[in-house]
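One letter stands for each residue in the lines below.
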Amino acid sequence: YEVLSLELDFDLHESQTRVVSSMKIRKLKNDPLYLNGENLKLLQVRLNGSTPDYRTDEKSLTINETPDEFLLEIENEINPKENTALEGLYLSKNNLTTQC
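Everything numeric here is computed off the predicted structure, so don't read it as measured data.

Engineer: Tell me about the nonpolar core, residues and numbers included.
Structural biologist: If you look at the biggest cluster of nonpolar residues, it comprises ten residues: Met23, Ile25, Leu33, Val45, Leu47, Leu61, Ile63, Phe70, Leu72 and Ile74. Those elements giving two or more residues to this core turn out to be strand 2 (17-26), strand 4 (41-47), strand 6 (60-63) and strand 7 (69-78). Excluding residues that lie within four positions of it along the chain, Val45 makes contacts with Ser50, Thr51, Pro52, Tyr54, Leu61, Ile63, Leu72 and Glu73.

Right under this line is the structure:
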């Protein structure tokens, strides 16, 4: 898969941050789309405006079937205050911080 564009929208709060990602994606092989992600509360997945057939586990989201090009929108909730791994978005000295 190739990400052609990516937009991220953050509604920042210490203990309940909402993140909406919007990605335009092109399929390069006929493999499932596998996305890594830990300590996320998945709220919504939309592929070209509809809910795709997907599965999740503690570390990933997998979509088995996708068109050749598509818009993927994912909405998650995270808790920066409880993120002690210091990866992604976390709270440090009353500041919301990211290693990116």
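Engineer: With reference to specific residues and values, describe a nonpolar patch on the surface.
Structural biologist: A cluster of nonpolar residues, Val3, Leu6, Leu8, Phe10, Leu12 and Leu96, forms a patch on the protein surface that exposes about 540 Å² of accessible area. By residue number, the principal contributor to the nonpolar patch is strand 1 (residues 2-11), which donates four residues. Its place among the elements puts Phe10 in strand 1.

Engineer: An account of the pairing of strand 1 is requested, with residue identities and associated values reported.
Structural biologist: Every other side chain in a regular strand lies on the same face of the sheet, so the side chains alternate between the two faces. Judged from the nine bridges that link them, strand 1 and strand 2 form a sheet pairing that is antiparallel. When the bridges of strand 2 are listed, Val3 appears paired with Ile25. The hairpin formed by strand 1 and strand 2 contains five residues between the paired strands.

Engineer: How would you sum up the pattern of salt bridges? Please name residues and give values.
Structural biologist: Taken as a whole, this structure holds four salt bridges when the rule is applied. Residue Glu2 pairs with Arg26 through a salt bridge whose shortest N-O separation is 2.9 Å. Placement of Glu2 in strand 1 and of Arg26 in strand 2 is noted, with a sequence separation of 24 residues between them. With its nearest N and O atoms 3.0 Å apart, the salt bridge here joins Glu75 to Arg18. Pair noted here: Glu75 is in strand 7 and Arg18 is in strand 2, with a separation of 57 residues, a long-range link. Here Glu75 falls in the buried class, since its relative accessible area comes to 16%. The class of Arg18 is partly exposed, set by a relative accessible area of 35%. Each member of the salt-bridge network shares a partner with another, and the members are Glu2, Arg26 and Glu69.

Parameters and conventions
- Residues numbered from 1 in each chain as written.
- Predicted model: local features only at pLDDT ≥ 70, side-chain atom pairs only at ≥ 80, totals over all residues.
- Heavy atoms only, no water.
- Core = buried A, V, L, I, M, F, W, Y, C linked by side-chain atoms within 4.5 Å.
- Buried < 20%, exposed > 50% of the residue type's maximum accessible area, 1.4 Å probe, protein only.
- Helix = DSSP H or I, 4+ residues; strand = E, 2+ residues; numbered from the N terminus.
- Contact = heavy atoms within 4.5 Å.
- Patch = residues over 30% accessible without salt bridge, like charges linked within 9 Å, V, L, I, M, F, W, Y side chains within 5 Å.
- Areas by Shrake-Rupley, 256 points an atom, 1.4 Å probe, with all protein chains shown as cover.
- Salt bridge = Lys/Arg side-chain N within 4 Å of Asp/Glu carboxyl O.
- Pairing = 2+ DSSP bridges.

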